[in-house]
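Observations on the three-dimensional arrangement
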Amino acid sequence: MLISFEGIDGAGKSTQIQKLVTSMTSEGVDVVTLREPGGTPAAEKIRLILLENSHKISPIGELLLFSASRAELVQEVIVPALASGKTVILDRFYDSTTAYQGYGRGINLDLLQSIISISTCAVTPDITFYLDIEPEEALKRKFAKTSIPLEFEGEGLDRMERSGIEFYRKVQQGYREIMRQNSERFVSINALQPTGVIHFQIMESLKARFPV
Ligand code: TMP
C-alpha cells in the first residue's frame with residue numbers, strides 16, 4: 001500500500017507520519033517512510049540544491065529537479081518496496097508538484113502532467129492525507145519553531161519557504177482543486193486540531209478504506 005501526506009509547509013505532516021509509523025509498526029505492518037525531495041543518496045543531493053537559499057532557480061529548472069529526485073526515488077526505492085509487500089508512507093509526492101510548481105509557480109498543468117507521468121512511472125498513492133491549514137497559520141508555526149519574529153520575513157527559511165504568502169495562498173488553492181478532482185483518493189483533515197485527534201482520524205480513515 002502507498003500512503004502519501006500533503007499540505008503546505010508547517011501543516012504538521014512530519015508529526016503525523018511519525019505517529020502513523022509507530023501505530024502501524026506496533027500492529028506488525030512492515031513500513032518504509034520516505035520524503036520528497038530526497039530518499040536516495042542522489043535525490044538527497046538534489047534536495048540540497050532545491051532548498052538551499054544561496055541561489056535562484058527558474059520555475060522550469062525547479063520542476064525538473066523535483067522530478068529528477070522523484071524518478072530516482074520511484075525506481076530505486078518505492079517500486080521495489082511495494083513489490084516486496086511493504087507499506088510505503090510518503091512525505092509528499094507528485095501532488096506537491098501540481099500544487100507548488102503548477103498552481104504556485106504557474107507552470108502549464110498539461111506540461112506538468114506529462115513530466116509527472118515520466119517521473120512516477122504511473123505509481124499512484126492508494127490514499128492521500130491532506131493536512132489543511134491557512135498559510136498565515138502555517139507560517140506562524142514555522143516562525144515559532146525558529147523563534148524569529150514575523151517582521152524578519154525570510155530569515156531562517158529555506159528557498160521554497162521564502163516564496164512569500166501570496167505563493168502559499170496559490171498553493172493552498174491548488175491543493176483544494178487537486179482534491180476536488182481526486183476526491184476518491186484524498187482525505188482532508190483540519191490541521192489545527194490537536195495532534196492526537198488528527199492521528200485518530202487518520203487511523204479511522206485507513207481502517208474504513210482498507211479493512212483487514
Ligand atoms: P519539506 O520536506 O520540508 O516539505 O520541504 C520540501 C519543500 O519542497 C516544500 O516547500 C514543498 C516543496 N516541494 C515542491 O515545491 N514540489 C515538489 O514536487 C515537492 C515534492 C516539494
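Structural notes, computed from the coordinates. In this numbering scheme, every chain counts its residues from 1 along its sequence in written order. Selection of residues for local features in this predicted model requires a pLDDT of at least 70, selection of side-chain atom pairs for listing and counting requires 80 or more, and totals for whole chains, interfaces and linings are taken over all residues. Hydrogen atoms and water are omitted, and side-chain values are computed over all heavy atoms in the structure.

Further remarks concern unusual backbone geometry. For the bond from Glu36 to Pro37, the omega torsion is -10°, close enough to zero to count as cis. Looking at the secondary structure, you find Pro37 in the loop between strand S2 (31-35) and helix H2 (41-51). Backbone geometry places Cys121, a non-glycine residue, at a positive phi of 50°. Looking at the element boundaries, Cys121 is found in the loop between helix H5 (109-120) and strand S4 (127-132). We call a residue buried when its accessible area falls under 20% of the maximum for its residue type, exposed when it is over 50%, and partly exposed in between, using a 1.4 Å probe and counting protein chains only. On the accessibility criterion, Cys121 (44% relative accessible area) is partly exposed. Positioned with a positive phi, Ala122 is a non-glycine residue whose angle comes to about 65°. Looking at the secondary structure, you find Ala122 in the loop between H5 and S4. Runs of E in the DSSP output that reach at least two residues are strands. Runs of H or I that reach at least four are helices, and both are numbered from the N terminus.

Attention now moves to a nonpolar patch on the surface. Residues enter patches when their relative accessible area tops 30% and they take part in no salt bridge; the joining distance is 9 Å for like charges and 5 Å for the nonpolar side chains Val, Leu, Ile, Met, Phe, Trp and Tyr. Surface exposure here means Shrake-Rupley accessible area, sampled with a 1.4 Å probe, where a residue is shielded only by the protein chains that are shown. A pair is scored as a salt bridge if a Lys or Arg side-chain nitrogen falls within 4 Å of a carboxyl oxygen belonging to Asp or Glu. The grouping of Ile60, Leu64 and Leu111 at the surface amounts to a nonpolar patch, some 250 Å² of accessible area in total. Within the secondary structure layout, Leu64 lies in helix H3 (residues 59-83).

Turning our eyes to something else, we now look at the pairing of strand S3 (residues 87-91). Taking burial as the measure, the 5 residues of S3 include 5 buried ones, the bulk of the element. By the bridge criterion, 4 bridges tie strand S1 (residues 2-6) to S3 in an arrangement that is parallel. Paired with Ile3 across the two strands is Ile89, which belongs to S3. In the sheet, S2 pairs with S3 via 5 bridges, with the strands oriented parallel. Opposite Val32, over in S3, you have Val88 as the bridge partner. Following DSSP output, two strands are said to pair if at least two bridges run between them.

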